[in-house]
Structures are given as structure tokens and as C-alpha cells.
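The lines below spell out each chain.
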Amino acid sequence: MNKGVWVFIEQREGEVQKVSLELLGKGRQLADQLSTKLTALLMGENVAQAAQELIYRGADEVIVVEDSLLNVYITEPYTKVMSCLIEERRPEIILIGATAIGRDLAPRVSARVHTGLTADCTSLEIEDETQNLLMTRPAFGGNIMATIICPDFRPQMSTVRPGVMVELDIDTTRKGEIINIKPSLVKEDINVEILEIVKEKKQKVKIEEANVLISGGRGLGKIDGFEILNQLASELGGMVSGSRAVVDAGWIDRDYQVGQTGKTVRPNLYFACGISGAIQHVAGMEESELIIAINKNTEAPIFEVADVGIVGDVHKVIPALIEELKSLKK
Ligand SMILES: Cc1cc2nc3c(=O)[nH]c(=O)nc-3n(C[C@H](O)[C@H](O)[C@H](O)COP(=O)(O)OP(=O)(O)OC[C@H]3O[C@@H](n4cnc5c(N)ncnc54)[C@H](O)[C@@H]3O)c2cc1C
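Small disclaimer: the values here were computed from a predicted structure and weren't measured. (Residues numbered from 1 in each chain as written. Predicted model: local features only at pLDDT ≥ 70, side-chain atom pairs only at ≥ 80, totals over all residues. Heavy atoms only, no water.)

Bringing the packing of aromatic side chains into the picture now. For any two aromatic rings, the description comes down to two numbers: the centre-to-centre distance and the angle of the planes. Applying the stated criterion to the full structure yields two aromatic pairs. Between the aromatic rings of Phe8 and Tyr78, the centroid separation amounts to 6.5 Å while the plane-to-plane angle is 80°, which identifies the pairing as edge-to-face. Of this pair, Phe8 sits in strand S1 (residues 5-9) while Tyr78 sits in helix H3 (residues 75-89), and the two are 70 residues apart along the sequence. No difference in accessibility class separates Phe8 from Tyr78, as the two residues are buried. Centroid distance Tyr73 to Tyr78: 5.0 Å. Interplanar angle 55°. Geometry classified as tilted. Here the two residues Tyr73 and Tyr78 agree in accessibility, since each one is buried. An aromatic cluster is defined as three or more aromatic residues linked by ring pairs; in this entry it consists of Phe8, Tyr73 and Tyr78. (Phe/Tyr/Trp six-rings, centres within 6.5 Å; stacked < 30°, edge-to-face > 60°. Helix = DSSP H or I, 4+ residues; strand = E, 2+ residues; numbered from the N terminus. Buried < 20%, exposed > 50% of the residue type's maximum accessible area, 1.4 Å probe, protein only.)

Counting residues in hydrophobic clusters, the biggest one holds 32 residues, and the most contacted among them are Ile9, Leu24, Leu42, Leu54, Val62 and Leu124. Counting only elements with at least two residues in this core, the list comes to S1, helix H1 (18-33), strand S4 (38-44), helix H2 (51-56), strand S5 (61-66), strand S6 (93-97), strand S8 (123-126) and strand S9 (133-139). No other element matches H1, which puts six residues into this core. Beyond its immediate chain neighbours, meaning those up to four positions away, Leu54 contacts Ile9, Val16, Leu21, Leu24, Ala40, Leu42, Ala59 and Val62. Core analysis: the next-biggest nonpolar cluster, separate from the first, contains 26 residues, Trp6, Val81, Ile94 and Leu105 among them. (Core = buried A, V, L, I, M, F, W, Y, C linked by side-chain atoms within 4.5 Å. Contact = heavy atoms within 4.5 Å.)

Once that is clear, we can look at the site of the ligand. By nearness alone, 25 residues border the ligand, and Ser243, Val258, Thr261, Ser276 and Gln280 come closest of all. Interatomic distance of 2.8 Å between a backbone N/O atom of Val258 and a nitrogen atom of the ligand. Contacts to the ligand include Ser276, whose side-chain N or O atom sits 2.7 Å from an oxygen atom. Of all the secondary structure elements, the ones that give two or more residues to the shell around the ligand are helix H6 (244-248) and helix H7 (279-282). (Near = heavy atom within 4 Å. Polar contact = N/O pair within 3.5 Å; in protein donor to acceptor, adjacent residues only side chain to side chain.)

Bringing the packing of H3 against helix H4 (residues 100-112) into the picture now. Relative to each other, H3 and H4 sit at 45°, their axes nearing to 9 Å. With respect to their mutual orientation, H3 and H4 come out oblique. Crossing handedness for the pair H3 and H4: right-handed. Touching Thr75, Tyr78, Thr79, Lys80, Met82, Ser83, Ile86 and Glu87 of H3 are Asp104, Leu105, Arg108, Val109 and Arg112, all from H4. Along the lines of polarity and charge, the residues of the contact of H3 with H4 split into five nonpolar, three polar and five charged. (Axes fitted to C-alpha atoms, helices over the stretch in contact; angles between N-to-C directions. Parallel < 35°, antiparallel > 145°, perpendicular 65-115°, else oblique. Left-handed = near helix turned anticlockwise from the far one by under 90°. Nonpolar A, V, L, I, M, F, W, Y, C, P; charged D, E, K, R; others polar.)

Moving on to the pairing of strand S16 (residues 290-295). Of all six residues making up S16, five are buried, and the element is well covered by its neighbours. Judged from the five bridges that link them, strand S15 (residues 269-273) and S16 form a sheet pairing that is parallel. In the sheet register, Leu269 faces S16, and the bridge partner there is Leu290. Note that S16 and strand S17 (residues 308-311) share four bridges and pair parallel. The partner of Ile294 across the bridge, within S17, is Ile310. (Pairing = 2+ DSSP bridges.)

All chains considered together, the criterion is met by 21 salt bridges. Measuring nitrogen to oxygen at the nearest pair gives 2.8 Å for the salt bridge that ties Arg28 to Asp32. Remark: Asp32 and Arg28 occur in helix H1; sequence separation between them is four residues, near one turn of the helix. Among the residues examined, Asp32 registers a relative accessible area of 47% and is labelled partly exposed. Ionic pairing is found between Arg103 and Asp120, a salt bridge with its closest N-O pair at 3.4 Å. Remark: Asp120 occurs in strand S7 (residues 117-121) and Arg103 occurs in helix H4; sequence separation between them is 17 residues. The exposure class assigned to Arg103 is partly exposed, which follows from its relative accessible area of 47%. For Asp120, a relative accessible area of 11% translates into the label buried. Among the ionic contacts, a cluster of salt bridges with common partners joins Lys18, Glu22, Glu53, Arg57 and Glu167. (Salt bridge = Lys/Arg side-chain N within 4 Å of Asp/Glu carboxyl O.)

Have a look at this one:
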């Protein structure tokens, strides 16, 4: 008998993170395919009020574990609670969001319960014949897709990239069971003390509302390349955005990412500077009114969607454009 699909519900200050809702959407599909239950695992202090929504979002069952020692995420107590529950209830599959918290928790738990873990998956399917979970993730910098299975150990564990799976709409007719569990945690379980939590003050950026977007890709060479993009953006009264490659490289924040796992934008003018035009990028910008691509490779797929294509080096073309714009304004 199959023992169920679990989703670890990540909450911060009681607020369920979007990735966990996305995983409930995927988890629902996997559980249906396996004819088993979907369980949401919610840990924290004073978080129980979130349980009902998890049922409306697809869970059949919510395990709520509340304790003051689970107030903020700390590796040890979360690992202990989760590992004990796994050993007691033996789920088949566990999905965890590939966030900073999920990437910290998942390997600890998998080592403790001695099973396999695939990190940062972008696709999850059930193999018809064996009912094993096929966990697919980009490897070698996204150049190949690797599908990994864990045939001999249970649970099959996977962290999943945020923004890839689709959350279900709230369905208030859904019913489920809420199970409250009091963990046996003691202060000695914790060797880490949190002195202070510092929140980065981020301005809400809305690239999807900009009329003009100057988007940069790996072709900029390095983070400094964004300086000329900023200049061009201020000449044209636009905003800067980028491809996932530059977000992964840490050149700009994730809020500025255009594409399938970033934002979908539709400005009047979209500049693609040093962006190859991978399908996942194009999916987020092809509806733009006018697309201007600058790329030194004539074969770059971005030219297939561009209205105006400039073959050349961004470091030469953009300064020349800025000069021209300045002289036009005089
Ligand atoms: C599940 C999944 C989701 C994804 N989601 C997204 C997403 O939301 N958004 C996204 O963007 N990507 C996404 N990707 C990644 C995507 O597949 C590409 O890897 C990414 O878009 C490549 O970024 P890039 O074009 O900046 O870099 P590259 O592909 O490396 O392209 C760089 C380009 O710059 C050109 N170039 C180099 N030097 C210069 C120069 N000096 N002057 C002019 N041109 C130059 C090159 O010819 C090349 O075309 C996703 C991938 C997966 C698997």
C-alpha cells in the first residue's frame, strides 16, 4: 500500500510561501496518479490557521506541528521533527521548495532517514511501469536535463524550483483532515541561536508595468555591463531587466527576471542585449510591441522574434545608441 505524497509547507512569520502552494498543485497530480493521499506538513508556532487553506489548495490531510522551538526556521528542530514523522508514517514521496530554507532542510532530512534526494527539480512525473518518481533537473549549468530515480529507498525526496509548478485555485468545497501533533523537542536539540533577523529593504519592482525595458543577458560579460543598460534606460525612461542567466550569476535580483520562471512582460519597447533567446526567455517577452535585439551571433534565436536586429558587440552598440539619443535631444 502506497503511503502518500507529502509537501513540506514553508512558512515565514506564519505566511505560507508560494512555492509550497505550487508543490501542493503538483503533489495533487502525483497523489492522484498513485491513488494515494496528499499530505501537507506544516511546522511552526501559531501557524495552525493556515491549515484550512492548504486543504482548499489540494491537500487531503494537514499535519500541524506547533512548538515555540519551531518559531523561526532552524535546521536542527525542523530536521528532527520531520525525520521522526517520516519514520513513523513512511511516506512515498516528499516535495520541498528549493528555497534557502528548503535547500538547507532537505539534505539533512534525507541523510537522517537514509534516502535519496534530487535537488532543484523542474519536472516530476510518475513512471508508469514501476511507479517510481522521475525527477528531472537541469545539470551542467542548464546544458543537459538529467532524470533521476530513487528505486530502492523511501521516501523519494526532491527539492523543486520555485515558479515551475502551478498552484491550484482555492476550492472551498474540498474537505480534509487536520492532525495536530505536539513534538518532543527540548532546548538541547538546538545548537544554533538566532541573534537577529535582518530583512533586506527591497523596493517593489514592477518590470511588468514599464513601457520600455532594457534587458541584459550573459552576453554583457559581467555585472558592470549593466551600467550601460542603466544609462540607456534613463535616456529612454525605461527600466532594466534580465535573463535568468544573469539572475543566477547574481548580477541582478530575481525580481527583474523575464521569462517562464520570471515575469511576463509586454512593454512598448523591449531591448534584448546579449540574450540568446532561449524558449524560456522568449516565453516572457514575445508579446512586446517592438523588440530590438543586439547580439554578436547572427544565429542567435532571439533574432527570430526581434523586429529590429543589430548584429554587434553590446559594449559598442549601446554606447553608440546612447550618444545618438543624446544628440537627438539637443
Ligand atoms: C525550467 C527552466 C526555466 C527557465 N526559465 C527562464 C526564465 O524565466 N528566463 C530566462 O531568461 N531563462 C530561463 N531559463 C534559462 C534559459 O533556458 C537560458 O539558459 C537563459 O535564458 C540564457 O540566458 P542568456 O540569453 O542571458 O545567456 P546565453 O544563452 O548564454 O546567451 C548569451 C548571448 O549573448 C551573446 N553575446 C555574447 N557576448 C556578446 C557581446 N559582447 N555582445 C552581444 N552579444 C553577445 C551570445 O551570442 C549569446 O547569444 C529557464 C530554463 C529552464 C530549464
